[in-house]
Structures are given as structure tokens and as C-alpha cells.
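Structure at a glance
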Amino acid sequence: MTDDLYKRYQAAHRAYRAHRTPCSDCTDTSRCPTGQRLYESLARLQDAYLNRQRQQRR
């Protein structure tokens, strides 16, 4: 069974990394508007995935 949430989480990570690599405005502590949007999407999906993993272990 494919895990759509995991796929979306990994796609968000790839998108953020693809943006972050060439973007000179993005650092570990600050991001350009596009980088911030991508980072927030990644963080939301990562939190959702990890929370679901924790729930399944109970």
C-alpha cells in the first residue's frame, strides 16, 4: 500500500532542497518568501507524518 502522506512529505522536502540550494537569500535561520512557503509546507507535512507514525505505534 502506498503512503500518500509520506510521498507528499518527501516531495515537499525535495522542493525545498531544490529551492534552497541555489537561493542566496535562504539560510538556516532566514528564508526568502518562496523559501519560507516551501519550508512551512515541509514542516506541516513532516509533523503530520510523524504524528501519524506515533499514533500507529500506540
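Since this is a predicted model, take the numbers as computed values, not measurements.

1. Concerning the overall build of the chain
Broken down by element type, the chain carries two helices and zero strands. Relative to the compact-globule value of 10 Å for 58 residues, the chain shows a C-alpha radius of gyration of 13 Å, a clear excess of over 25%. Among the 58 residues that make up the chain, the fraction classed as buried is 22%. Long-range pairs, those at least 24 residues apart, make up 47% of the contacts in the chain between residues at least 6 apart in sequence.

2. Here's the deal with helix α1 (residues 4-20)
Over its 17 residues, α1 extends 24 Å from the first C-alpha to the last, a length consistent with the 24 Å expected when each residue adds 1.5 Å. Here α1 has its buried residues at L5, Y9, A12, Y16 and H19. Buried residues of α1, seen end-on, are gathered within an arc of 95° and therefore sit on one face of the element. Against the buried residues of α1 lie α2 (33-57). For α1, the N-terminal cap is D3; the gap from its side-chain oxygen to the backbone nitrogen of L5 is 3.2 Å.

3. Here's the deal with the pattern of salt bridges
All chains considered together, the criterion is met by three salt bridges. D4 serves as the salt-bridge partner of R8, at 3.2 Å between the closest nitrogen and oxygen. Of this pair, R8 and D4 both sit in helix α1, separated by four residues, roughly a single helical turn. Close ionic contact of D28 with R20 constitutes a salt bridge, the shortest N to O distance being 3.4 Å.

4. Brief notes about the state of the cysteines
Each disulfide is one covalent bond, formed between the sulfur atoms of two cysteines. This model, assessed by the stated rule, comprises zero disulfides. Note on C23: no disulfide assigned, nearest cysteine sulfur contributed by C26 at a separation of 3.6 Å. With no disulfide partner, C32 has as its closest neighbouring cysteine sulfur the one in C26, 3.8 Å distant.

The rules behind the values
Residues numbered from 1 in each chain as written. Predicted model: local features only at pLDDT ≥ 70, side-chain atom pairs only at ≥ 80, totals over all residues. Heavy atoms only, no water. Helix = DSSP H or I, 4+ residues; strand = E, 2+ residues; numbered from the N terminus. Rg over C-alpha atoms; globule rule 2.2 N^0.38 Å. Buried < 20%, exposed > 50% of the residue type's maximum accessible area, 1.4 Å probe, protein only. Contact = heavy atoms within 4.5 Å. Expected span 1.5 Å × (residues − 1). Arc of directions from axis to C-beta. Polar contact = N/O pair within 3.5 Å; in protein donor to acceptor, adjacent residues only side chain to side chain. Salt bridge = Lys/Arg side-chain N within 4 Å of Asp/Glu carboxyl O. Disulfide = S-S within 2.5 Å.

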